[in-house]
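# Structural features, examined
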Amino acid sequence: MAAIQPLGDRVLVQAIEVKEEMRGGLYIPDAAKEKPMQAKVIALGTGKIDDKGNRVPFDVKVGDIVLTSKYGGSEIKFEDQEYKILNSSDILAVIA
């Protein structure tokens, strides 16, 4: 587990590698591949505060597998692991 604590309504996720199947013998270079949109929730921030001063609960929990927006968040590297910190609004769905 990472020793990174997101702040506010931010979520720390780690991308899940999706196995690639080659079709027709074509090789796709890494630079041309789309970034994975599936990720595992590693840590949650402190939470968003609404207009009345109440803390809004997250819709996800640590360990959930989620779909994220393709270009949202900031990529970081910590202890040789790659993570992304994104706003909770950049999480599109939870995969059951």
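Use the structure listed above.
Counting from 1, residues in each chain are numbered in the order their sequence is written. In keeping with the model being predicted, local features are shown solely for residues with a pLDDT of at least 70 and side-chain atom pairs are shown and tallied solely at 80 or more, while totals for entire chains, interfaces and linings include all residues. For the side-chain quantities, the full set of heavy atoms in the structure was used; hydrogens and water were omitted.

## A look at the overall build of the protein
Along its length, the protein carries zero helices and eight strands. In this description a helix means any DSSP run of H or I spanning at least four residues, a strand means any run of E spanning at least two, and both kinds are numbered starting from the N terminus. Listing each helix as α and each strand as β along the protein from the N terminus yields β-β-β-β-β-β-β-β. Considering the protein as a whole, with its 96 residues, one finds that 26% of them fall into the buried category. Accessible surface computed for the protein: about 7200 Å², of which carbon and sulfur atoms make up 52%. Buried means the residue's accessible area, taken with a 1.4 Å probe over protein chains only, is under 20% of the maximum for its type, while exposed means over 50%, and partly exposed covers the values in between. Residue exposure ignores everything except the shown protein chains as possible cover, and the areas themselves are Shrake-Rupley values with a 1.4 Å probe.

## Looking at the sheet that holds strand S1 (residues 10-15)
Strands qualify as paired when DSSP identifies two bridges or more between them. Sheet architecture is open: six strands sit in the order S6-S7-S1-S2-S5-S8, paired in antiparallel fashion. This sheet does not close on itself; its edge strands, each paired only once, are strand S6 (74-78) and strand S8 (91-95). Between one strand and the next, the sheet's axes are offset by a mean angle of 45 degrees, whatever the strand orientation. Bridge count for strand S2 (residues 38-44) against strand S5 (residues 65-68) is three bridges, and the pairing is antiparallel. Considered in S5, the bridge of Lys40 is made with Ile65. Think of each axis as a best-fit line through the C-alpha atoms, taken over the contacting stretch in the case of a helix, with angles from 0 to 180 degrees between the N-to-C directions.

## Section: the pattern of salt bridges
Here a salt bridge means any side-chain nitrogen of Lys or Arg lying within 4 Å of a carboxyl oxygen belonging to Asp or Glu. All chains considered together, the criterion is met by one salt bridge. Note that Asp64 and Lys61 form a salt bridge whose closest N and O atoms lie 3.1 Å from each other. Look at Lys61 and you get exposed, because its relative accessible area is 53%.

## Comments concerning the environment of Ala3
By the element assignment, Ala3 lies in the segment before S1. For the pair formed by Ala3 and Glu79, sequence separation is 76 residues and the distance between their alpha carbons is 9.4 Å.

## Points about the side chain of Asp90
Tracing the chain through its elements places Asp90 in the loop between strand S7 (81-87) and S8. Among buried Asp, Glu, Lys and Arg side chains, Asp90 stands out as unpaired, with Lys84 the closest opposite charge at 7.9 Å. In what follows, residue pairs with any heavy atoms lying within 4.5 Å of each other are defined as contacts. What Asp90 contacts, discounting residues up to four positions off in sequence, is Leu67, Thr68, Ser69, Gly72 and Gly73. In this charge count, Lys and Arg are treated as positive and Asp and Glu as negative; neither His nor the chain ends contribute.

## Quick look at the side chain of Asp9
By the element assignment, Asp9 lies in the segment before S1. No salt bridge is formed by the buried Asp9. Its closest oppositely charged neighbour is Lys48, at 4.9 Å. If sequence neighbours within four positions are ignored, Asp9 has contacts with Gly47, Lys48, Phe58, Leu86, Asn87 and Ser88.

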